[in-house]
Amino acid sequence: MLSRLTRPWALAVCALPVVALLATAVFAPLPFALAQPGITADVLGKNKGTEVITIEGAKTRTTTGQLRMTTIEATNPDTRISLGQVVDAWFSTDRAVMPHDAVYPSGDSTKEIEQHNTAQMKESQDAATRAALDYLHLQDKDVKVTLKLADVGGPSAGLMFALGIIDKLNGDGSEGDLTGGRTIAGTGTIGDDGKVGAVGGVPLKTMAARRDGATVFLVPRAECADARSELPKGLRLVPVTTLKSAVSALTALSKGKGTVPTC
């Protein structure tokens, strides 16, 4: 025969499953990745001792200012993310919680993801070169462009690569720099036709940009709202849709003439 439990004991016994569930939720791995502002790199300069952009077959110019591509850093695809980490990052302004599959393709190993990101970077560099040379009415067969950026993958540096090539070859078209001597940062994919695409992680990239001295940030127009959500003080957003619109905006900003779009 089972004896009747006193009220305190009954509550304790009932609470055991709840405590067990909470403990499981706190320590069990969740399908998320954590991200934070990553490195930035000046495509007009050197990265780890190597020029990011080298050009053969055409005269290049000495540039001033910087064009900085931006990144985010995410936890490794096999990192176990707990509920406590998610809650902590959720209330942090310099970290973000992102669905694991939005950062890394489902089922891919770390090696496969690295290979995928490297391939995307190569495609982005090729597209940036074609878009920049087409903008300047130059031919691939006449001008050889080499782009090198260590330890960075993915397609989001395309816009900044293209602008860097244009600045090294033509500047603003009238012997001035596209940067106007400023530190300009930005993000965005680039197509062969010069169209700029969205990339994700923009709020974290604006933080990285401001941290490294940028005062202007080029953002795909479709991501203006995201960029404004955690915009650091002292950083001006300039939305772009094409390579041509980016060059026009930077030229207007540099010369102090014309319209510079805003988010």
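As a starting point, this report considers the structure included with it. (Residues numbered from 1 in each chain as written. Predicted model: local features only at pLDDT ≥ 70, side-chain atom pairs only at ≥ 80, totals over all residues. Heavy atoms only, no water.)

Some points on the overall build of the chain
Thinking step 1. Secondary structure assignment for the chain yields 8 helices and 12 strands.
Thinking step 2. Looking at the 263 residues of the chain, the share that counts as buried comes to 42%.
Thinking step 3. Of the contacts formed within the chain by residues at least 6 apart in sequence, a portion of 76% connects residues at least 24 apart.
Thinking step 4. By element, 54% of the accessible surface of the chain is carried by carbon and sulfur atoms, the whole surface being about 14200 Å². (Helix = DSSP H or I, 4+ residues; strand = E, 2+ residues; numbered from the N terminus. Buried < 20%, exposed > 50% of the residue type's maximum accessible area, 1.4 Å probe, protein only. Contact = heavy atoms within 4.5 Å. Areas by Shrake-Rupley, 256 points an atom, 1.4 Å probe, with all protein chains shown as cover.)

Considering helix 5 (residues 158-169)
Since the α-helix turns once every 3.6 residues, residues separated by three or four places project in the same direction.
Thinking step 1. In this model, helix 5 (12 residues) spans 17 Å end to end at C-alpha, consistent with the 16 Å of a helix rising 1.5 Å per residue.
Thinking step 2. When you tally the buried positions in helix 5, you get 12 out of 12 residues, the bulk of the element.
Thinking step 3. Within helix 5 the residues assigned to the buried category are Gly158, Leu159, Met160, Phe161, Ala162, Leu163, Gly164, Ile165, Ile166, Asp167, Lys168 and Leu169.
Thinking step 4. Following helix 5 by one or two positions, Gly171 adopts a phi angle in the positive range, close to 60 degrees. (Expected span 1.5 Å × (residues − 1).)

What about unusual backbone geometry?
Thinking step 1. At His137, a residue that is not glycine, the phi angle is positive and equals roughly 60 degrees.
Thinking step 2. Tracing the chain through its elements places His137 in the loop between helix 4 (110-135) and strand 7 (144-147).
Thinking step 3. With a phi close to 70 degrees, Glu175 is a non-glycine residue in the positive phi region.
Thinking step 4. Note that Glu175 resides in the loop between helix 5 and strand 8 (183-186).
Thinking step 5. Using a relative accessible area of 77% as the deciding quantity, one classes Glu175 as exposed.

A look at helix 6 (residues 202-211)
Thinking step 1. With 8 of 10 residues buried, helix 6 lies mostly within the body of the structure.
Thinking step 2. Within the span of helix 6, buried status applies to Val202, Pro203, Leu204, Lys205, Thr206, Met207, Ala208 and Ala209.
Thinking step 3. In the stretch just after helix 6, Gly213 is the one whose phi turns positive, near 95 degrees.

What about the layout of surface pockets?
Thinking step 1. Volume-wise, the largest pocket comes out at about 950 Å³.
Thinking step 2. If you go around the largest pocket, you meet 34 residues; those closest to its centre are Ile72, Val103, Asn117, Gly153 and Gly154.
Thinking step 3. Those elements that place two or more of their residues in the lining of the largest pocket are strand 5 (66-74), helix 3 (100-103) and helix 4.
Thinking step 4. Its residues assigned to classes, the lining of the largest pocket shows 16 nonpolar, 14 polar and 4 charged. (1 Å grid on protein atoms, 1.4 Å probe; cavity = no way out; pocket = protein on both sides within 12 Å on 5 of 7 lines; lining within 4 Å. Points joined across faces, edges and corners; volume = space filled by probe spheres on them. Nonpolar A, V, L, I, M, F, W, Y, C, P; charged D, E, K, R; others polar.)

Overview of the packing of helix 5 against helix 8 (residues 243-255)
Thinking step 1. At a minimum axis separation of 11 Å, helix 5 and helix 8 run at an interaxial angle of 60 degrees. With respect to each other, helix 5 and helix 8 are oriented oblique. Taken as a pair, helix 5 and helix 8 cross one another with a handedness that is right-handed. Across the interface between the two elements, Leu159, Ala162, Leu163 and Ile166 of helix 5 pack against Leu243, Ala246, Val247 and Leu250 of helix 8.
Thinking step 2. Residues belonging to the contact of helix 5 with helix 8 are distributed by class as follows: 8 nonpolar, no polar and no charged. (Axes fitted to C-alpha atoms, helices over the stretch in contact; angles between N-to-C directions. Parallel < 35°, antiparallel > 145°, perpendicular 65-115°, else oblique. Left-handed = near helix turned anticlockwise from the far one by under 90°.)

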